Each structure stands twice: as structure tokens, then as C-alpha cells.
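Observations on the model geometry
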Amino acid sequence: MKSTDDLLKELSGTDDINDFLKNNENNLDYVSISKYLNRLVSEKNLKKSEVIRNSELSEIYAYQIFSGKKCNPSRDKVLCLAFGMGLNVEETQQMLKVFSFPILYAKRKRDSIIIFALNKGLSVLDTNELLYNSDEETLG
């Protein structure tokens, strides 16, 4: 499996996108949101019910995300799931990329608070309290 950097180098040097796509078919991995989340839950030996409870999302809505019925959750909902899974900053950044959202950016006050909360292993509720007390929009 080629790294992202290797793919970028090869892509910048190609004259034919179709050749690139054909030659890298196994390296271009589209993972559905539900598959990605379910794989993470499995890899971390978590229970979906615990993740959902810890995420503070509506149970019905969260199960729809996990089943693939809701394919476009907001960035904040994805962050709530990251907190629900107990992800670290790096894992959360990766999840945001998979969902095609901007990663957390330390120069943004709100994102800095979220990064701090992830680093400290805080809950969604505790994170929301920090955000609220800093006059920032809360999660979910």
C-alpha cells in the first residue's frame, strides 16, 4: 500500500489520470463513513452503545450514521463521535479527513479548546462547558 505522499508524487508526475487511477486502483481506498466508524469501534474494542452514549448524540441519529442511513453528519457530530470513542487528537484529525472536514486548527480559538479537551480526555459535556464559558459554539 502506497503512502499518501507517494501517491501525491506519482500524481504530480503523471500525464494521464486514467493510467494513474488504473495503476493505483488498490491504493485509492474509498471507505464509507459507516464502514470507517464500525471498523474503528471494532479496532478499539468498543461497544456502539457506549460510543453513542458518550457522544451525547441522539441515539436514533447516531445509529443511522453507523448504519449508513445518515451519510452527511456535520463536523460537530463527527467530533462528538470522536469524543464518544475516546480518540486522541491524531485519530480525530484522521477521522475529520475521512469525513472530508477541515482538521482541527490550533489558531482557531474554538478548535484549540477542542484539541485541549481531546488531549485531556474530557467528555462532550465537559468540552461543551469549556466552549460555552469561552463564548464559543458548543458541539452538537
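Keep in mind that what you see is a predicted model, and the values were worked out from it rather than measured.

1. Section: the side chain of Ser34
For Ser34, the location among the structural elements is in helix α3 (residues 33–43). Dropping the residues within four chain positions of it, Ser34 is found in contact with Ile65, Phe66, Ser67 and Gly68.

2. What to know about a nonpolar patch on the surface
On the surface, a nonpolar cluster with roughly 410 Å² of combined accessible area is contributed by Leu8, Leu11, Ile17, Leu21 and Leu28. The set of elements that each furnish at least two residues to the nonpolar patch consists of α1 (4–12) and α2 (17–23). For Leu11, the position within the fold is in helix α1.

3. Regarding the packing of aromatic side chains
Enumeration according to the criterion identifies zero aromatic pairs in this entry. Looking at Lys77, its charged tip hangs above the ring of Tyr61, at a distance of 5.8 Å from the centre.

4. Let's talk about the environment of Cys80
You can see Cys80 is positioned in helix α6 (residues 75–85). For Cys80, a relative accessible area of 2% puts it in the buried group. The spatial distance from the C-alpha of Cys80 to the C-alpha of Ile52 is 8.9 Å, given a sequence separation of 28 residues. Setting aside its immediate chain neighbours within four residues, Cys80 contacts Ser55, Leu57, Val124, Leu139 and Gly140.

5. Topic: helix α5 (residues 59–67)
Spacing of three or four residues puts side chains on the same side of an α-helix, whose turn is 3.6 residues. Among all positions of α5, only Ala62, Ile65 and Phe66 are buried. Each buried residue of α5 sits inside an arc of 100° when the element is viewed along its axis, so together they form one side. Buried-residue contacts for α5 involve α3, α4 (48–55) and α6. In the segment just after α5, Gly68 is the residue with positive phi, at about 95°.

6. Observations concerning the packing of α6 against helix α8 (residues 109–120)
Each pair of packed helices can be described by the angle between their axes along with the distance between the axes. Their axes nearest at 11 Å, the elements α6 and α8 cross at an angle of 15°. Classified by the interaxial angle, the pair formed by α6 and α8 is roughly parallel. As α6 runs across α8, the sense of the crossing is left-handed. In this structure, α6 uses Arg75, Asp76, Leu79 and Phe83 to contact α8, whose residues at the interface are Arg110, Asp111, Ile114, Ala117 and Leu118. Residues of the contact of α6 with α8, tallied by class, amount to five nonpolar, no polar and four charged.

7. Considering the environment of Asp19
With respect to the element layout, Asp19 can be found in helix α2. Spatially, the C-alpha atom of Asp19 lies 31 Å from that of Leu37, the residues being 18 residues apart in sequence.

8. What about the packing of α4 against α5?
Close contact between α4 and α5 brings their axes to 10 Å; oriented N to C, the two are set at 125°. When the axis of α4 is compared with that of α5, the two are oblique. For the crossing formed where α4 meets α5, the hand is right-handed. Where α4 abuts α5, its residues Lys48, Ser49, Val51 and Ile52 lie against Glu59, Ala62, Tyr63 and Phe66. Among the residues making up the contact of α4 with α5, the classes are represented as five nonpolar, one polar and two charged.

What counts and how
- Residues numbered from 1 in each chain as written.
- Predicted model: local features only at pLDDT ≥ 70, side-chain atom pairs only at ≥ 80, totals over all residues.
- Heavy atoms only, no water.
- Helix = DSSP H or I, 4+ residues; strand = E, 2+ residues; numbered from the N terminus.
- Contact = heavy atoms within 4.5 Å.
- Patch = residues over 30% accessible without salt bridge, like charges linked within 9 Å, V, L, I, M, F, W, Y side chains within 5 Å.
- Areas by Shrake-Rupley, 256 points an atom, 1.4 Å probe, with all protein chains shown as cover.
- Salt bridge = Lys/Arg side-chain N within 4 Å of Asp/Glu carboxyl O.
- Phe/Tyr/Trp six-rings, centres within 6.5 Å; stacked < 30°, edge-to-face > 60°.
- Lys NZ or Arg CZ within 6 Å of the ring centre and 35° of its normal.
- Buried < 20%, exposed > 50% of the residue type's maximum accessible area, 1.4 Å probe, protein only.
- Arc of directions from axis to C-beta.
- Axes fitted to C-alpha atoms, helices over the stretch in contact; angles between N-to-C directions.
- Parallel < 35°, antiparallel > 145°, perpendicular 65-115°, else oblique.
- Left-handed = near helix turned anticlockwise from the far one by under 90°.
- Nonpolar A, V, L, I, M, F, W, Y, C, P; charged D, E, K, R; others polar.

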